[in-house]
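One-letter residues, chain by chain:
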Amino acid sequence: MDAVLGVQELGLLMMKGDNAHAGFPEIAYGRYSATLIDKGYKVARIEQTETPDMMEKRCKKVGGVSKFDRVVRREVCQVTTKATRVYSFMDGDDAHTQTSYLMAITE
């Protein structure tokens, strides 16, 4: 559903293919994530954690791999919400920053 959400909320275009997918260049992450966060969404940043060569080596070790195993691994490396947002140079113009507070209580 994230591709559909990207089209509806960010005005992205659906890419051609069998499965719904949409995207934007990494340099635009700050702008697009800020838009989603301001609308109340959580944003997860997913990054590629292995190269195609590393994937080939992994598949050779395992043996008997399926088409699902022959995909370069990706992992969530950051989750951002309104409460956990930290402004940096990647966010561009920080003129609209405002203080947010996060409180955690444990027993």
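Details of the structure are given in the entry above.
Computed from a predicted model, the values in this text were never measured in an experiment.

Definitions and cut-offs
- Residues numbered from 1 in each chain as written.
- Predicted model: local features only at pLDDT ≥ 70, side-chain atom pairs only at ≥ 80, totals over all residues.
- Heavy atoms only, no water.
- Helix = DSSP H or I, 4+ residues; strand = E, 2+ residues; numbered from the N terminus.
- Buried < 20%, exposed > 50% of the residue type's maximum accessible area, 1.4 Å probe, protein only.
- Contact = heavy atoms within 4.5 Å.
- Areas by Shrake-Rupley, 256 points an atom, 1.4 Å probe, with all protein chains shown as cover.
- Salt bridge = Lys/Arg side-chain N within 4 Å of Asp/Glu carboxyl O.
- Patch = residues over 30% accessible without salt bridge, like charges linked within 9 Å, V, L, I, M, F, W, Y side chains within 5 Å.
- Arc of directions from axis to C-beta.

(A) Fine view of the overall build of the protein. If you tally the helices and strands in the protein, you get three helices and two strands. What you see in the protein, going N to C, is helices and strands ordered as α-α-β-α-β. Across the 107 residues of the protein, 21% fall into the buried class. Within the protein, counting contacts between residues at least 6 apart in sequence, those at least 24 apart form 47% of the total. Total accessible area on the protein is roughly 8900 Å²; 54% of this is exposed by carbon and sulfur atoms.

(B) Summary view of the side chain of Thr-81. Assignment of secondary structure puts Thr-81 in the segment after strand 2 (74-80). Residue Thr-81 is classed as buried on the basis of its relative accessible area, which comes to 19%. Residues in contact with Thr-81, not counting those within four places in the same chain, are Ile-37 and Lys-42.

(C) The pattern of salt bridges, seen in detail. According to the stated counting rule, one finds five salt bridges in the structure shown. Put simply, Glu-9 and Lys-39 hold a salt bridge, and the shortest N to O gap is 2.8 Å. With a gap of 30 residues between them, Glu-9 in helix 1 (residues 2-10) and Lys-39 in the loop between helix 2 (29-38) and strand 1 (43-48) connect regions that are remote in the sequence. The partly exposed category is assigned to Glu-9, whose relative accessible area is 25%. Relative accessible area serves as the criterion here: at 45%, Lys-39 is assigned to the partly exposed category. As a salt-bridge pair, Glu-47 and Arg-45 come within 3.1 Å of each other at their nearest N and O atoms.

(D) Structural detail: a nonpolar patch on the surface. On the surface, Ile-46, Val-76 and Val-79 cluster together into a nonpolar patch covering about 270 Å² of accessible area. Along the chain, the position of Val-76 falls in strand 2.

(E) Structural view of helix 1. All of the buried residues along helix 1 are Ala-3, Gly-6 and Leu-10. In an axial view of helix 1, the angular spread of the buried residues amounts to 70°, which keeps them on one side of the axis. In the core, the buried residues of helix 1 are packed alongside helix 2. One or two residues past the end of helix 1 sits Gly-11, with phi positive at roughly 75°.

(F) Structural view of the environment of Met-15. Tracing the sequence through the fold places Met-15 in the loop between helix 1 and helix 2. On the basis of relative accessible area, Met-15 is assigned to the partly exposed category, the value being 42%. The spacing of Met-15 and Ala-3 is 12 residues in sequence and 9.4 Å in space, taken between C-alpha atoms. Residues within four places of Met-15 in sequence aside, it is in contact with His-21, Ala-22 and Gly-23.

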